[in-house]
Amino acid sequence: GMDPAFCAGLDLKNLGIDNLADIPHFVDSTGNSKIPVIAAVNGAAVTGGLELALACDFIVASENAKFADTHLRVGVYPGPVVVDLPRKVGAAKAAEMSLTGDFVDAPTALRIGLANHVVPHSELMPTAMRIAESIAEQDPVMVAAIREEWKYLNTLPLHEAREEHLRNAAKIGGSSRTSEDLAARREAVIDRAHKQQ
């Protein structure tokens with residue numbers, strides 16, 4: 001979204017369709033992306049805009065960011081926010097946001113776990129890009145695999161989730177790595193930690 005808003009949702013004056021039920025599942029392309037997606041929220045992320053932000057892997061918010069689920073206020077039954085918001089902020093906070101339609105400011109979004117970071121407005125895109133670059137340094141096969149696991153492991157009982165994870169890890173997790181490769185990666189991690197201090 002361009003300033004001053006990330007996304008305010010549908011244009012309620014002109015939907016472009018006859019029936020709200022015919023709206024495409026617009027968050028699917030983000031939620032099903034094969035690569036991680038960071039929402040850089042620069043202003044208002046409201047209703048459908050909130051749903052779009054929630055479909056991303058996580059949110060980096062400007063100090064100017066505001067979040068709201070105003071579906072009920074505008075007379076529209078909510079979409080994926082009903083599923084995604086409670087998973088992000090917990091059932092009670094999600095209920096408050098959806099049932100009141102009240103706005104949540106950036107510091108509150110950080111406190112309740114809706115946003116991962118809140119930064120000065122001028123630092124929003126540089127921060128999001130730095131995080132994206134850090135992600136891009138990782139093994140893309142492992143990144144894709146862990147993101148797929150997160151989608152369904154949380155729906156399983158703990159012991160089943162751990163067993164399923166162990167099966168996935170055996171297929172994906174570094175079985176082809178040599179001791180020398182792991183030692184070199186360890187040194188790179190230590191070097192990176194020193195640079196970030």
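Located above this text is the structure these notes cover.
Residues numbered from 1 in each chain as written. Predicted model: local features only at pLDDT ≥ 70, side-chain atom pairs only at ≥ 80, totals over all residues. Heavy atoms only, no water.

**Things to note about the sheet that holds strand 3 (residues 44–46)**
Working step 1: Pairing within the open sheet is mixed, and its four strands lie in the order 1-3-5-6. Each edge of the open sheet carries a strand with a single partner, namely strand 1 (5–7) and strand 6 (104–105).
Working step 2: Sheet topology note: the strand 3/strand 5 (residues 66–68) ladder contains three bridges and is parallel. Across the sheet, Ala-44 pairs through a bridge with Lys-66, a residue of strand 5.
Working step 3: In the packing of helix 2 (residues 48–55) onto the sheet, the strands contacted are strand 1, strand 3 and strand 5, and the crossing angle to strand 3 comes to about 95°. (Pairing = 2+ DSSP bridges. Helix = DSSP H or I, 4+ residues; strand = E, 2+ residues; numbered from the N terminus. Contact = heavy atoms within 4.5 Å. Axes fitted to C-alpha atoms, helices over the stretch in contact; angles between N-to-C directions.)

**Comments concerning helix 6 (residues 124–136)**
Working step 1: With 13 residues, helix 6 should cover 18 Å at 1.5 Å per step; its first-to-last C-alpha distance of 18 Å lies within 8% of that length.
Working step 2: All of the buried residues in helix 6 are Leu-124, Thr-127, Ala-128 and Ile-131. Within helix 6, the buried residues cover an arc of 95° as seen down the axis, which keeps them to one side.
Working step 3: On its buried side, helix 6 packs onto strand 2 (38–41), strand 4 (58–62) and strand 7 (117–119). (Expected span 1.5 Å × (residues − 1). Buried < 20%, exposed > 50% of the residue type's maximum accessible area, 1.4 Å probe, protein only. Arc of directions from axis to C-beta.)

**Some remarks on the packing of helix 2 against helix 3 (residues 81–89)**
Working step 1: Contact geometry for helix 2 and helix 3: axes closest at 10 Å, N-to-C directions at 55°. Judged on the interaxial angle alone, helix 3 and helix 2 are oblique. Pair helix 2 / helix 3 crosses with left-handed handedness. Between helix 2 and helix 3, the contacting residues are Leu-50, Glu-51 and Leu-54 on the first element and Val-81, Asp-84, Leu-85 and Lys-88 on the second.
Working step 2: In the contact of helix 2 with helix 3, the residues fall into four nonpolar, no polar and three charged. (Parallel < 35°, antiparallel > 145°, perpendicular 65-115°, else oblique. Left-handed = near helix turned anticlockwise from the far one by under 90°. Nonpolar A, V, L, I, M, F, W, Y, C, P; charged D, E, K, R; others polar.)

**Topic: the sheet that holds strand 2**
Two pairing modes exist for strands in a sheet, parallel and antiparallel, and in both the strands are linked by backbone hydrogen bonds.
Working step 1: An order of 2-4-7 is seen for the three strands of this open sheet, with the pairing classed as parallel. With partners counted over all chains shown, the strands left at the sheet margins are strand 2 and strand 7, one partner each. Going from strand to strand, the sheet's axes swing by 20° on average, the running direction of each strand aside.
Working step 2: With three bridges connecting them, strand 4 and strand 7 associate as parallel partners. The partner of Ala-61 across the bridge, within strand 7, is Val-118.

**Side note on the nonpolar core**
Working step 1: Grouped together as the largest cluster of nonpolar side chains are 23 residues, with contacts concentrated most on Val-41, Ile-59, Phe-67, Leu-85, Met-97 and Leu-114.
Working step 2: Once residues within four sequence positions are removed from consideration, Val-41 is found in contact with Phe-6, Ala-53, Ile-59, Val-60, Ala-61, Ser-62, Ala-65, Phe-67 and Leu-124. (Core = buried A, V, L, I, M, F, W, Y, C linked by side-chain atoms within 4.5 Å.)

Spatial relationships are all this shows, so hold off on functional conclusions.
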